[in-house]
Amino acid sequence: MHQLLNGFADKRELLPRSISEVYENLQQFHVAEDKRKIIGTCALYVTWDNLAEVKALAVDEKYQGQGIGKKLLEAVTKVAGDLHIRRLFTLTIRTGFFEHFDFKHVSKDHLPHKVWTECVKCVYFPERCVEYAMVKDLRGPGPVPAPIVFREKMSPSKELPMGTIVPSEPIVPGATIAAIPMKRVKK
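About the thresholds
Residues numbered from 1 in each chain as written. Predicted model: local features only at pLDDT ≥ 70, side-chain atom pairs only at ≥ 80, totals over all residues. Heavy atoms only, no water. Helix = DSSP H or I, 4+ residues; strand = E, 2+ residues; numbered from the N terminus. Polar contact = N/O pair within 3.5 Å; in protein donor to acceptor, adjacent residues only side chain to side chain. Contact = heavy atoms within 4.5 Å. Core = buried A, V, L, I, M, F, W, Y, C linked by side-chain atoms within 4.5 Å. Buried < 20%, exposed > 50% of the residue type's maximum accessible area, 1.4 Å probe, protein only. pLDDT = per-residue confidence, 0-100. Expected span 1.5 Å × (residues − 1). Arc of directions from axis to C-beta. Pairing = 2+ DSSP bridges. Axes fitted to C-alpha atoms, helices over the stretch in contact; angles between N-to-C directions.

Colleague: Can you break down the side chain of Arg17 residue by residue, with the values?
Modeller: By secondary structure assignment, the location of Arg17 is in the loop between helix H1 (2–10) and helix H2 (19–24). Side chain to side chain, Arg17 and Glu21 meet in a polar contact 3.3 Å long. Beyond its immediate chain neighbours, meaning those up to four positions away, Arg17 contacts His2, Leu5, Asn6, Val22, Lys55, Ala56 and Glu118.

Take a look at the structure:
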């Protein structure tokens with residue numbers, strides 16, 4: 001599992017994870033195997049009474065396109081439902097995969113601060129973050145999550161003036177946002 005996850009981390013498609021972190025969170029993982037070799041992983045991390053994160057979703061490149069990622073996502077979604085979780089979120093660069101399963105884009109600022117506990121330990125936080133926040137609300141008997149504002153995937157314009165401050169979201173070609181000019185402070 002560690003080797004599979006860090007293979008994607010080396011390509012900056014997942015966050016790097018230490019072997020001890022994998023062992024500490026082993027009970028959160030679902031795996032796909034082929035001939036006793038782990039070819040896919042996905043974890044469900046419960047963060048609150050009605051909120052859980054889908055993380056570490058990875059499928060060996062040789063096995064992609066065969067529905068393994070879908071089955072792993074379905075497995076953690078079922079566990080979330082069994083736990084009466086009403087909202088799933090993920091931080092991902094593979095937005096197309098999650099869009100296919102009805103996850104919607106949100107600003108990271110709309111997620112509870114508890115979510116950021118892992119972000120602050122990340123080597124890419126905050127200036128070089130490459131992940132988008134996405135959520136999916138589930139049906140069920142659990143507590144209803146607070147309303148959240150969905151949005152289109154957005155990124156800074158290529159023509160921003162020097163010193164412009166923009167939200168900490170990754171850049172996607174073709175999308176634009178309004179720029180906020182940075183005020184200069186005299187020394």
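Colleague: Got a sec to walk through the nonpolar core? Specific residues and values, please.
Modeller: If you look at the biggest cluster of nonpolar residues, it comprises 21 residues, and the most contacted ones within it are Val54, Ile68, Leu72, Leu73, Leu88, Phe98 and Phe103. When contributions to this core are tallied by element, the ones reaching two or more residues are strand E2 (37–48), strand E3 (51–59) and helix H3 (68–82). Element by element, the count of residues in this core is highest for H3, at five residues. Setting aside anything within four residues of it in sequence, one finds Phe98 in contact with Val54, Leu57, Leu73, Thr90, Thr92, Phe103 and Met134. Of all hydrophobic cores here, the second largest spans ten residues; its members include Met1, Leu5, Phe29 and Ala58.

Colleague: Could you give an account of H1, naming the residues involved and the relevant values?
Modeller: For H1, the complete set of buried residues consists of Leu4, Leu5, Asn6, Phe8 and Ala9. On its buried face, H1 sits against H2, strand E1 (29–34), E2 and E3. One or two residues past the end of H1 sits Arg12, with phi positive at roughly 65°.

Colleague: How would you sum up the environment of Asp34? Please name residues and give values.
Modeller: Relative to the helices and strands, Asp34 resides in strand E1. Asp34 has contacts with Ile39 and Tyr63, leaving out every residue within four places of it along the chain.

Colleague: Quick one: what's the story with the confidence of the model for the protein, residue by residue and with numbers?
Modeller: For the protein, mean pLDDT is 80; residues scoring 70 or higher make up 76% of the total. Within the protein, no element has a lower average pLDDT than helix H5 (residues 116–119), which sits at 69, and none a higher one than H3, at 96. Across residues 155–187, where pLDDT falls below 50, the model places 44 contacts with residues more than four positions away in sequence or in other chains.

Colleague: Summarise H3; cite the residues concerned and give the values.
Modeller: For H3, built from 15 residues, the straight-helix expectation of 21 Å at 1.5 Å per residue is met to within 8% by its first-to-last C-alpha distance of 21 Å. Ile68, Gly69, Leu72, Leu73, Val76 and Ala80 are the residues of H3 that are buried. One face of H3 carries all of its buried residues, which in axial projection span an arc of 135°. Exposed residues pointing more than 90 degrees away from the buried face of H3 are listed as Lys71 and Lys78. Buried residues along H3 sit in contact with E1, E2, E3, strand E4 (87–92) and helix H4 (95–100).

Colleague: An account of the sheet that holds strand E5 (residues 104–106) is needed here, citing residue identities and associated values.
Modeller: The strands making up a sheet are joined through hydrogen bonds of the backbone, oriented either antiparallel or parallel. Read across the sheet, six strands follow the order E1-E2-E3-E4-E6-E5 without closing on themselves; strand pairing throughout is mixed. Two strands in the sheet have a free side with no partner beyond their single neighbour: E1 and E5. Averaged over neighbouring strand pairs, the angle between their axes works out to 30° when direction is ignored. Summarising the sheet, E2 and E3 pair through seven bridges and their orientation is antiparallel. Residue pairing for E3: Trp48 is matched across the bridge by Leu51.

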